[in-house]
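One letter stands for each residue in the lines below.
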Amino acid sequence: MARVVLVSRRMLHKRPTALVDEIIRVDHAGELGADRIYAGQMAVLGHTKVGPTIQHMWDQEKEHRRRFEMLINKHRVRPTVMTPFWNVAGFALGAGTALLGEKAAMACTVAVETVIVDHYNDQLRQLMADPKVDQELLATITQFRDEEQEHHDTGIDHGAEQAPFYRALTEVIKVGCKAAIAISKKV
C-alpha cells in the first residue's frame, strides 16, 4: 500500500544560516532604498536629457529589488521593520538631490553606490569563506555588485564631482547609507 506524505512548503526549504538571513534582509532593504532613490530622481529629472540614463539605472534597481523579494520569500526571511521608512527616505533623498540639479543627483548615485559596492564586496568575502555557500546568492550579489559599480561610474561620467559641495554632500549620504545598513541588519 502506497503511503502519502504531505509536506508543507516550509519543510521544503531549510531556514537560512544567520549570515544568509542577515544578508537577504539588509540587501532587500538596500535595493528597496535604491529603487525609491531613482523614483525620486525620475520624478524631478525624468523629462530632462539625463532621464533615460536614470531610467536605465532605475530599471536595474527594480530588478534587484524583485530578486531580493523572491529570496525573502524563498528563504522565509523577515524583512526589516524599517521598510516604510526606507521607502519614504529613499524617495526624499532621490528627489531632494535631483532638485539641486543633475550633478547633485549623480553625486547621490556615486555616494550610494560607493557604499553599496564595498558592502557587497564584504558580503562576498563572508560568503566565500563558507564551503557550503549558497551559489544562487553568491551569483546574485556578484551580478548586482557589478551593476552598482556601473551606476557609480555613470554618475562620475555625468559630472557628479562638479556638484555643488560634492564632498560634503557625498560624505553625508555615505554616512546615511552605512547607518541604514547597520540598522537593517538587525531590525
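Residues numbered from 1 in each chain as written. Predicted model: local features only at pLDDT ≥ 70, side-chain atom pairs only at ≥ 80, totals over all residues. Heavy atoms only, no water.

(A) Highlighting the overall build of the protein. Scanning the protein for helices and strands turns up seven helices and zero strands. Along the protein, helices (α) and strands (β) appear in the sequence α-α-α-α-α-α-α when read from the amino end. Each principal axis of the C-alpha distribution contributes one length, and for the protein these read about 75 × 30 × 25 Å. Per-residue burial over the protein gives 48% buried out of 187 residues. As presented, the protein carries roughly 10000 Å² of accessible surface, and 61% of it is formed by carbon and sulfur atoms. Positive and negative side-chain charges in the protein, numbering 24 and 24 respectively, have mean positions lying 9 Å apart. (Helix = DSSP H or I, 4+ residues; strand = E, 2+ residues; numbered from the N terminus. Buried < 20%, exposed > 50% of the residue type's maximum accessible area, 1.4 Å probe, protein only. Areas by Shrake-Rupley, 256 points an atom, 1.4 Å probe, with all protein chains shown as cover. Lys, Arg positive; Asp, Glu negative; His and termini not counted. Charge placed at Lys NZ, Arg CZ, Asp CG, Glu CD.)

(B) Structural context of helix H3 (residues 51-75). With 25 residues, H3 should cover 36 Å at 1.5 Å per step; its first-to-last C-alpha distance of 36 Å lies within 8% of that length. Restricting attention to buried positions, one finds in H3 the residues Gly51, Ile54, Met57, Trp58, Gln60, Glu61, His64, Arg67, Phe68, Leu71, Ile72 and His75. Buried residues in H3 make contact with helix H2 (18-45), helix H5 (102-128) and helix H6 (135-157). Phi for arginine 76, located one or two positions after H3, is positive at around 55°. (Expected span 1.5 Å × (residues − 1). Contact = heavy atoms within 4.5 Å.)

(C) Focus on a nonpolar patch on the surface. A contiguous nonpolar surface patch, about 230 Å² in accessible area, is contributed by Val81, Ile183 and Val187. Tracing the backbone through its elements, the reader meets isoleucine 183 in helix H7 (residues 166-186). (Patch = residues over 30% accessible without salt bridge, like charges linked within 9 Å, V, L, I, M, F, W, Y side chains within 5 Å. Salt bridge = Lys/Arg side-chain N within 4 Å of Asp/Glu carboxyl O.)

(D) Inspection of the packing of H3 against H6 at higher detail. Here H3 crosses H6 at 160°, and the two axes come no closer than 11 Å. By the angle class used here, H3 and H6 are roughly antiparallel. Of the two possible hands of crossing, H3 and H6 adopt the one that is left-handed. Contacts between H3 and H6 involve Thr53, His56, Met57, Gln60, Glu61, Glu63, His64, Arg67, Phe68, Met70, Leu71 and Lys74 from the former and Glu136, Leu137, Thr140, Ile141, Gln143, Phe144, Glu147, Glu148, Glu150, His151 and Thr154 from the latter. Among the residues making up the contact of H3 with H6, the classes are represented as seven nonpolar, eight polar and eight charged. (Axes fitted to C-alpha atoms, helices over the stretch in contact; angles between N-to-C directions. Parallel < 35°, antiparallel > 145°, perpendicular 65-115°, else oblique. Left-handed = near helix turned anticlockwise from the far one by under 90°. Nonpolar A, V, L, I, M, F, W, Y, C, P; charged D, E, K, R; others polar.)

(E) Main features of the pattern of salt bridges. Counted by the stated rule, this structure contains twelve salt bridges. A salt bridge links arginine 67 to glutamate 63, with the nearest nitrogen and oxygen atoms 3.8 Å apart. Note that arginine 67 and glutamate 63 are positioned in helix H3 at a spacing of four residues, about one turn of the helix. Exposure remark for glutamate 63: the relative accessible area of 30% places this residue in the partly exposed category. Members of the salt-bridge network, linked through shared partners, are Asp35, Arg65 and Glu69.

(F) Inspection of the environment of threonine 80 at higher detail. Looking at the element boundaries, threonine 80 is found in the loop between H3 and helix H4 (83-99). Threonine 80 gets classed as buried once you look at its relative accessible area, which sits at 4%. Considering only alpha carbons, one finds threonine 80 and valine 133, 53 residues apart in sequence, at a separation of 23 Å. Those residues in contact with threonine 80 that lie beyond four places of it in its chain are Arg25, Ala29, Trp86, Ser184 and Val187. A polar contact is formed between the side chain of threonine 80 and the backbone nitrogen of methionine 82, at a distance of 3.1 Å. (Polar contact = N/O pair within 3.5 Å; in protein donor to acceptor, adjacent residues only side chain to side chain.)

(G) Seen up close, the nonpolar core. Ile24, Phe68, Leu127, Leu137 and Ile141 are the most contacted members of the largest nonpolar core, which totals 45 residues. Going through the elements one at a time, H2, H3, H4, H5, H6 and H7 are the ones with two or more residues in this core. Per element, the largest residue contribution to this core is 13 residues, and it comes from H5. Residues in contact with isoleucine 24, not counting those within four places in the same chain, are Phe68, Leu71, Ile72, His75, Val77 and Leu137. (Core = buried A, V, L, I, M, F, W, Y, C linked by side-chain atoms within 4.5 Å.)

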